[in-house]
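Coordinate analysis (summary)
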Amino acid sequence: MWSATLAFPSFVVASSTSLSGCKKPRLPKIQASLSNYPLASKIMVRNLPFSTSEDFLQKEFSAFGEIAEVKLVKDESMKRSKGYAFIQYTSQDDAFLAIETMDRRMYNGRMIYLDIAKPGKRDFQQQPITSGPPEKLQVPEEPASSNEVADCWY
């Protein structure tokens, strides 16, 4: 019969004293690709009364942290709120605190809902790049000398 021998690499366990000088790797904060603010720092507030103003939202939600921008979405023809708004905080922690505190709270007889805003097409501030067929690159060919042999594996 045939027999086989397997060898596995051995692992060396370092003592706790040798790891004391090592630094923990720092994880980067999640950043939006084209924004100065963290990705999860923009929240959406839904089911707002139509009489809500941006000033009221600024005053009410600034208790949770520094607000960079408040955008109340309005109907252009009727010049009133559509019932939802976007609030951009300067940090993710402030946005999460606002969501935990204000989500499913009653405001003027309506229950408001808060969630992390999903990035939309306008958040990237660019027009989409259209592409047609790829351009053909004109690469000058070098004359092959008769002494060279092509490196082929097949």
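These notes cover the structure that comes with them. No experiment lies behind these values; they were computed from the predicted model shown.

Listing the buried residues of helix 2 (residues 92–102) in full gives Gln92, Asp94, Ala95, Ala98, Ile99 and Met102. Down the axis of helix 2, the smallest arc covering the buried residues is 165°, so these residues share one side. Structural note: helix 2 exposes Asp93 and Glu100 on the side pointing more than 90 degrees away from its buried face. Where helix 2 is buried, its residues meet strand 1 (42–46), helix 1 (54–61), strand 3 (80–89), strand 4 (105–107) and strand 5 (110–116). Arg104 lies just past helix 2 and shows a positive phi near 65°.

Moving on to the packing of aromatic side chains. Scanning all chains against the criterion turns up three aromatic pairs. Both rings, one in Phe56 and one in Tyr107, keep their centres 4.9 Å apart while their planes meet at 20°; by these two values the pair is stacked. Highlighted residues: Phe56 in helix 1 and Tyr107 in strand 4, separated in sequence by 51 residues. Among the residues examined, Phe56 registers a relative accessible area of 23% and is labelled partly exposed. A ring pair is formed by Phe61 and Phe64, whose centres lie 6.3 Å apart and whose planes are at 55°; its orientation type is tilted. As far as the burial class goes, Phe61 and Phe64 line up, both buried. In this structure, Lys42 is placed above the aromatic ring of Phe86, and the distance from its NZ or CZ to the ring centre is 5.6 Å.

Conventions adopted
Residues numbered from 1 in each chain as written. Predicted model: local features only at pLDDT ≥ 70, side-chain atom pairs only at ≥ 80, totals over all residues. Heavy atoms only, no water. Buried < 20%, exposed > 50% of the residue type's maximum accessible area, 1.4 Å probe, protein only. Helix = DSSP H or I, 4+ residues; strand = E, 2+ residues; numbered from the N terminus. Arc of directions from axis to C-beta. Contact = heavy atoms within 4.5 Å. Phe/Tyr/Trp six-rings, centres within 6.5 Å; stacked < 30°, edge-to-face > 60°. Lys NZ or Arg CZ within 6 Å of the ring centre and 35° of its normal.

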